[in-house]
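Breakdown of the fold
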Amino acid sequence: MSGTPLTTFFLLVAAAMGTARLLGSVARRLGQPPLIGEIVAGLLASPTLLAPLGVGTLIPAEVRPGLTALADLGLAALMFVIGYELDASALRGRHTSVLGLTAGSILLPLVAGGALAVPMARDYAAGDPTVFVVFVGVALSITAFPVLARVLADRGLTSRPLGTLTLASASLGDLIAWLCLAAVAAWAGSSGQARIVALPGYLLLLHFAVRPLLAALVRRAERRNISGSHLLPVFLVGLMGSCAATEWLGVHFVFGAFAFGAVMPRGRSGGILPQAEQGMSQVGHLLLPLYFFLAGTAVDLSGFGGGDALALAAVVGTAVAAKMAGAYAGARCCGLPHGTALPAAVLMNTRGLTEIVIAAAALDMHIIDRDFYSIMVVMALLTTAMTGPLLNLLGVPAHTGRGHGAAPAGPTWDTAQEPGLAFDKS
């Protein structure tokens, strides 16, 4: 890009990020996660609104690749952070509850989503119908760990039993989701892409070679009193290399970013790793609104007919019913009381970021067509937006950390005194 295209690029970055941030702030004031407003900002520039007005695209074709690359960089940084923040120790002392909630919230939506996708494959599959069916099952079984963490933090529930239970379950579910996505991506690209068979070898390389090298680098930095900010460029280089590796192997780059974050060394490292992780998180949160803006611009509901509207209703209905019913049943089967299982099921229905990322990945890999991508984005928005109102309906307070008194009577949302959720803190 040069001259006018470069000028347009900078102007569009400013306009997109500014509008996304503005509407994200509005969404937060309305009690919704910012990504709702950021995607709505993109919808304002999408064919959904522009096509009926007879207006063409607001983003020139020669500028979109640059915007997409910048947004993907932010997404890669955030996926690194999500992988790094996965904490296996969250299962300690609560294996049964977490595994039960996770299994229920994944298995029923997986089966229901796959069954729903069978008749839809003819109209919405962009490639192999079987891959489409498996993908829809995986997509409907997802919980968005980052958005869930924000919802819990906004309500002061992060350190409460309900919050720790759902966070541990969502983090485990996210790990399973990305492994499933990698499998689906490998399956979708298996024709003519023999490199995919090297994916397990690459993961072993990350764990047994890259992880020890990173640990040695951190120990050396500790001995020399080097701050974590000085290691950020090293981690960024490694992140980009991992993204490039998985793309070359035929798997979407988000899996490479997630995997690199997951193999980062843990344990005692002073403030070095937290500082580096914070720097990567800042990169992600700076650029992620642009990603959601572009995700919104790709939604096109302008040509939807009665069949498409019925498909949208079926996907949303199945996603909500199967997710909540599965999560509730899994929690109850593990002995959790109704007052814990029901709000936990509502929280596990939060999809948001993760759903939109895998929908975009499926669109890139030609698993789904653009109409079904639009359906998936709308479903992600609706399931995320309903979380707050449903929690309010159940009596889960919007803020619990301000010392304004005890929890309201009624649903036992705070189960610190209940045997079924008396977690071992050791």
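Our subject is the structure that appears above.
As the structure is a prediction and not an experimental result, all values here were calculated from the model.

About the criteria used
- Residues numbered from 1 in each chain as written.
- Predicted model: local features only at pLDDT ≥ 70, side-chain atom pairs only at ≥ 80, totals over all residues.
- Heavy atoms only, no water.
- Patch = residues over 30% accessible without salt bridge, like charges linked within 9 Å, V, L, I, M, F, W, Y side chains within 5 Å.
- Areas by Shrake-Rupley, 256 points an atom, 1.4 Å probe, with all protein chains shown as cover.
- Salt bridge = Lys/Arg side-chain N within 4 Å of Asp/Glu carboxyl O.
- Helix = DSSP H or I, 4+ residues; strand = E, 2+ residues; numbered from the N terminus.
- Buried < 20%, exposed > 50% of the residue type's maximum accessible area, 1.4 Å probe, protein only.
- Phe/Tyr/Trp six-rings, centres within 6.5 Å; stacked < 30°, edge-to-face > 60°.
- Core = buried A, V, L, I, M, F, W, Y, C linked by side-chain atoms within 4.5 Å.
- Contact = heavy atoms within 4.5 Å.

Here we take up a nonpolar patch on the surface. On the surface, a cluster of nonpolar side chains totalling about 310 Å² of accessible area is made up of Leu22, Val26 and Leu30. Take Leu22: it is sitting in helix 1 (residues 4-29). Judged by its relative accessible area of 55%, Leu22 is exposed.

Glancing now at the packing of aromatic side chains. Within this structure, the stated rule accounts for 6 aromatic pairs. Judged by centre distance (6.5 Å) and plane angle (5°), the rings of Phe80 and Tyr84 are stacked. One end of the pair, Phe80, and the other, Tyr84, are both in helix 4 (residues 64-85), 4 residues apart, so they sit about a helical turn from each other. You'll find Phe80 and Tyr84 in the same group, each marked buried. Between Tyr124 and Phe372, the ring centres sit 5.6 Å apart and the planes meet at 45°, which makes this aromatic pair tilted. Taken together, the residues Tyr124 in helix 5 (residues 95-124) and Phe372 in helix 16 (residues 370-385) connect sequence positions 248 residues apart. Look at Phe372 and you get buried, because its relative accessible area is 0%. Taken together, Phe80, Tyr84 and Phe260 form an aromatic cluster joined through their ring pairs.

A separate point is unusual backbone geometry. Trans peptide bonds make up the majority, and among non-glycine residues the majority have a negative phi. Positive phi outside glycine occurs at Asn225, with the angle close to 55°. Topologically, Asn225 is positioned in the loop between helix 9 (199-223) and helix 10 (228-248). For Asn225, a relative accessible area of 72% corresponds to the exposed category.

Moving on: the nonpolar core. Grouped together as the largest cluster of nonpolar side chains are 135 residues, with contacts concentrated most on Phe372 and Tyr373. Once residues lying within four places of it in the same chain are set aside, the contact partners of Tyr373 are Ala295, Ala298, Val299, Ala359, Ala360, Leu363 and Ile368.

Further remarks concern the environment of Phe80. For Phe80, a relative accessible area of 2% translates into the label buried. If near-sequence neighbours (up to four positions away) are discounted, Phe80 is found in contact with Leu239, Ala257, Phe260, Gly261, Met264 and Met280.

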